[in-house]
Amino acid sequence: MKQFVVAMLIMALAISVVSGKEAKKVKNRFLSERVVVTCDKYPNVCDIKGSAGSDCCMKKCVNLSTDGSNCGKCGKKCSYGKICCQGKCVNPKSNQKHCGKCDNKCNAQSSCIYGMCSYA
Ligand SMILES: *[C@@H]1O[C@H](CO)[C@@H](O)[C@H](O)[C@H]1NC(C)=O
């Protein structure tokens, strides 16, 4: 049953690539299906290619390692100016391992200043 539902979703996704009126109809059908097929009931809907992530929070697929509203766990929101890297809220302006963006590591000779690895 689960596999069937996932297959249907994949089909709906594939068909929605088609442009024009038909695509709009399919999209509406797809959206209405999404109301029924939520990840709290069917966790594998989040494993579909193109899904925002494989984790499920509040019936939505998310990536807990990068989602600023669900960072590390559901509902954990990063405060203003911080981003979510590997499930932790970090300040990309000054974080030595996530400088400017996730996984941009400054080497030992440089410091993360205003989001850039700077030699000073
Ligand atoms: C979640 O984000 C991390 C870091 O960008 C990435 O490596 C991983 O593949 C993502 N997971 C999913 C399921 O998209």
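Here is what the cut-offs are and how they apply
Residues numbered from 1 in each chain as written. Predicted model: local features only at pLDDT ≥ 70, side-chain atom pairs only at ≥ 80, totals over all residues. Heavy atoms only, no water. Helix = DSSP H or I, 4+ residues; strand = E, 2+ residues; numbered from the N terminus. Polar contact = N/O pair within 3.5 Å; in protein donor to acceptor, adjacent residues only side chain to side chain. Disulfide = S-S within 2.5 Å. Buried < 20%, exposed > 50% of the residue type's maximum accessible area, 1.4 Å probe, protein only. Near = heavy atom within 4 Å. Areas by Shrake-Rupley, 256 points an atom, 1.4 Å probe, with all protein chains shown as cover. Nonpolar A, V, L, I, M, F, W, Y, C, P; charged D, E, K, R; others polar.

## Side note on the side chain of asparagine 70
Part 1 of the argument: Inspection of the secondary structure puts asparagine 70 in the loop between β2 (60-62) and β3 (83-85).
Part 2 of the argument: A distance of 2.7 Å separates the side chain of asparagine 70 from the backbone nitrogen of glycine 75, its partner in a polar contact.

## Section: the state of the cysteines
Part 1 of the argument: The tally for this structure, following the rule as stated, stands at 8 disulfides.
Part 2 of the argument: Cysteine 78 shares a disulfide with cysteine 89; S-S distance 2.2 Å. Judged by the sign of its S-S torsion, about -85°, the bond between cysteine 78 and cysteine 89 is left-handed. Within this pair, whereas cysteine 78 is found in the loop between β2 and β3, its partner cysteine 89 is found in strand β4 (residues 88-90), the two being separated by 11 residues in sequence.
Part 3 of the argument: By relative accessible area, which is 11% here, cysteine 78 ends up buried.
Part 4 of the argument: Put simply, cysteine 106 and cysteine 117 are joined by a disulfide, and their sulfur atoms are 2.0 Å apart. As the torsion about the S-S bond is roughly -85°, the cysteine 106-cysteine 117 disulfide counts as left-handed. With cysteine 106 in the loop between β4 and β5 (111-113) and cysteine 117 in strand β6 (residues 116-118), this residue pair connects regions lying 11 residues apart in the sequence.

## So, the site of the ligand
Part 1 of the argument: As a structural note, the neighbourhood of the ligand is formed by Gly53, Ser54, Asn63, Ser65 and Thr66.
Part 2 of the argument: Within the side chain of asparagine 63, an N or O atom sits 2.3 Å from an oxygen atom of the ligand.
Part 3 of the argument: Taken by itself the ligand offers 360 Å² of open surface, and the protein chains cover 39% of this.
Part 4 of the argument: Split by residue class, the shell around the ligand holds no nonpolar, 5 polar and no charged.

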